Amino acid sequence: MSKGYTGGCYCGAVRWEVTGKPLVSAYCHCSLCQRLSGAPFINTIHFPAPAFKWVHGSDSVLDSYAVEAKPWKKRWRCKTCGACVASFHEKGNRWSMWGSQLDRDEEGKVKADMWEDLKPTVHIFYETRLLDVKDGLPKWSGYAGSSERLK
Ligand SMILES: [Zn+2]
Ligand SMILES: [Zn+2]
């Protein structure tokens, strides 16, 4: 059986699980992620559609929406705490979730066995960053491989 990774919203009402290997794990500095999350950048992790499932039971805990700039991306949030938890990209047939919502250990750290497999390997949309990050990972102005490599 392939390894599963679990996470969810702030209050715990919404829970998801993904299995197998991620397609990509990146720090995204785009202005859409910045505005939607409130953070200077986020860690987005993509999985092929069949790898993802909700594991919280009833779907009545979920609310979905899309933003005008990306109507093909269905975003989900928790009705109780309001946290956005995952999104489904119809064109790419893939799910994205945020690394910040992976399950934690007793000390609040992302569980080591999950982090090794899922930690970001690249920065994307670095051109619109709010913060310089000197971590040695590759940095792209837009999407990795199809924009200008900055460092
Ligand atoms: Zn919640
Ligand atoms: Zn982004």
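How each quantity is defined
- Residues numbered from 1 in each chain as written.
- Chains lettered and ligands numbered in written order.
- Predicted model: local features only at pLDDT ≥ 70, side-chain atom pairs only at ≥ 80, totals over all residues.
- Heavy atoms only, no water.
- Donors = N, O, S within 2.8 Å, 3.2 Å for Na, K, Ca; no water.
- Tetrahedral: all angles 85-135°; square planar, octahedral: opposite > 155°, others 65-115°.
- Helix = DSSP H or I, 4+ residues; strand = E, 2+ residues; numbered from the N terminus.
- Buried < 20%, exposed > 50% of the residue type's maximum accessible area, 1.4 Å probe, protein only.
- Polar contact = N/O pair within 3.5 Å; in protein donor to acceptor, adjacent residues only side chain to side chain.
- Contact = heavy atoms within 4.5 Å.
- 1 Å grid on protein atoms, 1.4 Å probe; cavity = no way out; pocket = protein on both sides within 12 Å on 5 of 7 lines; lining within 4 Å.
- Points joined across faces, edges and corners; volume = space filled by probe spheres on them.
- Nonpolar A, V, L, I, M, F, W, Y, C, P; charged D, E, K, R; others polar.
- Pairing = 2+ DSSP bridges.
- Axes fitted to C-alpha atoms, helices over the stretch in contact; angles between N-to-C directions.

J.: Mind showing me how you'd approach the coordination of the zinc ion (ligand 1) here?
T.: Each pair of donors in an ideal octahedron of six around a metal sits at 90 or 180 degrees, and each pair in an ideal tetrahedron of four sits at 109.5 degrees. Coordination of the zinc ion (ligand 1) by the protein involves C9 (SG), C11 (SG), C78 (SG) and C81 (SG), with metal-donor separations of 2.3 to 2.4 Å. Coordination at the zinc ion (ligand 1) is tetrahedral: its four donor atoms span angles of 104 to 115° at the metal. When the donor residues of the zinc ion (ligand 1) are listed from N- to C-terminus, their spacing reads C-x1-C-x66-C-x2-C. With a gap of 69 residues between them, C9 in the loop between β1 (4–8) and β2 (15–19) and C78 in strand β7 (residues 73–78) connect regions that are remote in the sequence. The burial state of C9 is the same as that of C78; both residues are buried.

J.: Please explain the coordination of the zinc ion (ligand 2) as it appears in this structure.
T.: Coordination of the zinc ion (ligand 2) by the protein involves C28 (SG), C30 (SG) and C33 (SG), with metal-donor separations of 2.2 Å. Read in sequence order, the donor residues coordinating the zinc ion (ligand 2) give the pattern C-x1-C-x2-C. A relative accessible area of 5% places C28 in the buried class. Given a relative accessible area of 10%, C30 falls into the buried group.

J.: What am I meant to see in the side chain of N43 here?
T.: Tracing the backbone shows N43 in strand β4 (residues 42–48). The buried category is assigned to N43, whose relative accessible area is 8%. Engagement of the side chain of N43 in a polar contact is seen with the backbone oxygen of A26, the distance being 3.2 Å. Among residues more than four places away in sequence, those in contact with N43 are S25, A26, Y27, M97, W98, G99, W115 and P120.

J.: Which parts of the structure should I look at to understand the layout of surface pockets?
T.: Space left empty within the atom packing is revealed by a probe, the size of a water molecule, rolled over the atoms. Volume-wise, the largest pocket comes out at about 580 Å³. As for the largest pocket, its lining consists of 30 residues, and the residues nearest its centre are T44, H46, K70, K73 and S96. Contributing elements (two or more residues each) for the lining of the largest pocket: β3 (24–28), α1 (31–37), β4, β7, β8 (84–89), β9 (94–98) and β10 (122–124). When residues of the lining of the largest pocket are assigned to their parent elements, the largest contribution, five residues, is made by β8. For the lining of the largest pocket, the class distribution of residues is 21 nonpolar, five polar and four charged. The volume enclosed by the second largest pocket comes to roughly 180 Å³. Among the secondary structure elements, those contributing two or more residues to the lining of the second largest pocket are α1 and β4. Looking at the lining of the second largest pocket, its residues break down into eight nonpolar, five polar and no charged.

J.: Please explain the sheet that holds strand β5 (residues 52–54) as it appears in this structure.
T.: Working definition: the strands of a sheet are paired by backbone hydrogen bonds and lie parallel or antiparallel to each other. Read from one edge to the other, the open sheet built from three strands follows the order β1-β2-β5, with strand pairing classed as antiparallel. The open sheet terminates on both sides in strands that have one partner only, identified here as β1 and β5. Pairs of neighbouring strands in the sheet enclose a mean axial angle of 20°, with direction left out of account. Here three bridges tie β2 to β5, and the two strands are oriented antiparallel to one another. Bridge assignment links V18 to a residue of β5, and that residue is F52.

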